[in-house]
Amino acid sequence: MAVILREIMKQVQHLEMELVAGEQGLDHEVSWTHMVDSDTISEFLQGQELTFTTGLGLNENLTLLRLVKEVWRNHASGIVINIGPYISEIGQDVIDFANEKGFPVFRVPWKIHMAEIMRIICFAITKEQQNTIEVTAALNNAFLCPGQEELYVSALMRKGYFVESDYTVVNIRVKEEKSQVTGARLEQIASTLSSHLRCNYSGILCCAQEKQILMVLCDYPSEICQKTVERIFDRLCLVTHGNEQVFVSVSKPVNGIRQLYKSYGFGEKMADLLTSCNVPGEIKTDSGKLLFYKNLGIYKVLLTLTDKDVVLEYMRDTVFPLYEYDEINHTDLVNVLRCYLKHDCSVKDTAQELIVHRNTVNYKIGKVSEILEKDLSSFEVRFQLNLGFLLYEMGRGDIVDN
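Here's what I pulled together on the structure shown here.

1. A word on the pattern of salt bridges
Here the structure, examined in full by the defined rule, presents 19 salt bridges. Its salt-bridge partner being Arg-6, residue Asp-27 comes within 3.2 Å of it at the nearest N-O pair. Taken together, the residues Asp-27 in the loop between β2 (18-21) and β3 (29-30) and Arg-6 in helix α1 (residues 5-11) connect sequence positions 21 residues apart. You can call Arg-6 partly exposed: its relative accessible area is 34%. In this structure, the salt-bridge partner of Arg-73 is Glu-43, at a minimum N-O distance of 2.9 Å.

And the structure:
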């Protein structure tokens, strides 16, 4: 867990630490501090440190610009330069480089003890780590052990989250191609999100689980909740790498801290749905998808189904024979039927979308009717088939395979 430079500036503003370049990098995270007075020492950086230098080791071969470039190359978050007997001023070459790279450079007068700045920063990082551990434990207990109130109620109340407040759980999952992002990368995204939330919002808690990140919004009215999550979604899309995509599900709100588990449980089902198929009402971008409970439509009902045997029986009575036929015979009857139903059984519109002749559509729909032994002209039958497709998509057919 880390804090961002923007937060650090607020905590040490009384110590005359002044930003001189690289302002666009103030959202860099800082995991610790490190003194760097030579390019050799800079090799020991592990990344995300805020570095400090007095200039003691500078010479003809090691200029200030070279030192700044070295700590930047080793993925430091910024550098604090002590102006005094070893460095009289920060040159324009350093300022230009820092602005180009978005690498924050600060100056501190000699009279200020840099050790005091480092102490304040390290304390803030340690405090944030402790807070993260407490919040994560309390939220996970509220989600997974709702009956053991002593494990989460008082802990969340100490953070300002009251028993009778309204709560909304937001589920965040990240996928890279077909694999779900976990481990260190997910923790990095969670840390970046936590810092963003602390600087820009109030009444939002955040924690990470093994395969997802969870946010809890407290006392956010519906419209404000939607706008807030949309902004956070946009922010998450900006921090994704390469082929990563963000999937954000906003569950139904609940009243009372003891009901958090209900919002969490429904959010889990929404997240499973959003990451496995396309859902009417979802907001889709190149970097991910966003889904609000209020836009779920019929899925509000379908996601409450818990009896897998009933769901399996229904799919076998409706659409599964068609999936089975396509797999065995390498045909596309499922796609044809879904397109046909989408166009309210218009052969013309179906043929246009599939770019085939109308006779082809008529033949394949006749074949579908034969396989399923159903009259597709019946509204009731069409409704049953649409429902079967929805259930199949919700589980990607896994329930049938099992």
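2. Structural notes on the sheet that holds strand β4 (residues 32-35)
The mixed open sheet is built from five strands, whose spatial order is β2-β7-β6-β5-β4. Unpaired on one side and paired on the other, β2 and β4 mark the two borders of the sheet. Within this sheet the neighbouring strands show an average axis-to-axis angle of 30 degrees, counted without direction.

3. So, helix α15 (residues 358-372)
Over its 15 residues, α15 runs 21 Å from end to end, which matches the ideal 21 Å to within 8%, given 1.5 Å per residue. The complete set of buried residues in α15 reads Val-361, Ile-365, Val-368 and Leu-372. Taken down its axis, α15 places every buried residue within 55 degrees of arc, on the same side. Opposite its buried face, α15 presents the exposed residues Asn-359, Tyr-363 and Glu-370, each directed more than 90 degrees away. Glu-373, located one to two residues past α15, shows a positive phi value of around 55 degrees.

4. So, the side chain of Thr-275
With respect to the secondary-structure elements, Thr-275 resides in helix α9 (residues 260-276). On the accessibility criterion, Thr-275 (17% relative accessible area) is buried. A polar contact is formed between the side chain of Thr-275 and the backbone oxygen of Ala-271, at a distance of 2.8 Å. For Thr-275, the contacting residues outside a window of four places in its chain are Arg-173, Lys-175 and Phe-247.

5. Description of unusual backbone geometry
The backbone of Asp-219 shows a phi angle near 55 degrees, a positive value even though the residue is not glycine. Along the chain, the position of Asp-219 falls in the loop between β11 (213-218) and α8 (222-239). Residue Asp-219 is classed as partly exposed on the basis of its relative accessible area of 46%. Notably, Cys-345 is not glycine yet its phi reads approximately 65 degrees, a positive angle. Within the element layout of this structure, Cys-345 appears in the loop between α13 (333-342) and α14 (347-354). Residue classification places Cys-345 among the buried positions, given a relative accessible area of 19%.

The rules we used
- Residues numbered from 1 in each chain as written.
- Predicted model: local features only at pLDDT ≥ 70, side-chain atom pairs only at ≥ 80, totals over all residues.
- Heavy atoms only, no water.
- Salt bridge = Lys/Arg side-chain N within 4 Å of Asp/Glu carboxyl O.
- Helix = DSSP H or I, 4+ residues; strand = E, 2+ residues; numbered from the N terminus.
- Buried < 20%, exposed > 50% of the residue type's maximum accessible area, 1.4 Å probe, protein only.
- Pairing = 2+ DSSP bridges.
- Axes fitted to C-alpha atoms, helices over the stretch in contact; angles between N-to-C directions.
- Expected span 1.5 Å × (residues − 1).
- Arc of directions from axis to C-beta.
- Polar contact = N/O pair within 3.5 Å; in protein donor to acceptor, adjacent residues only side chain to side chain.
- Contact = heavy atoms within 4.5 Å.

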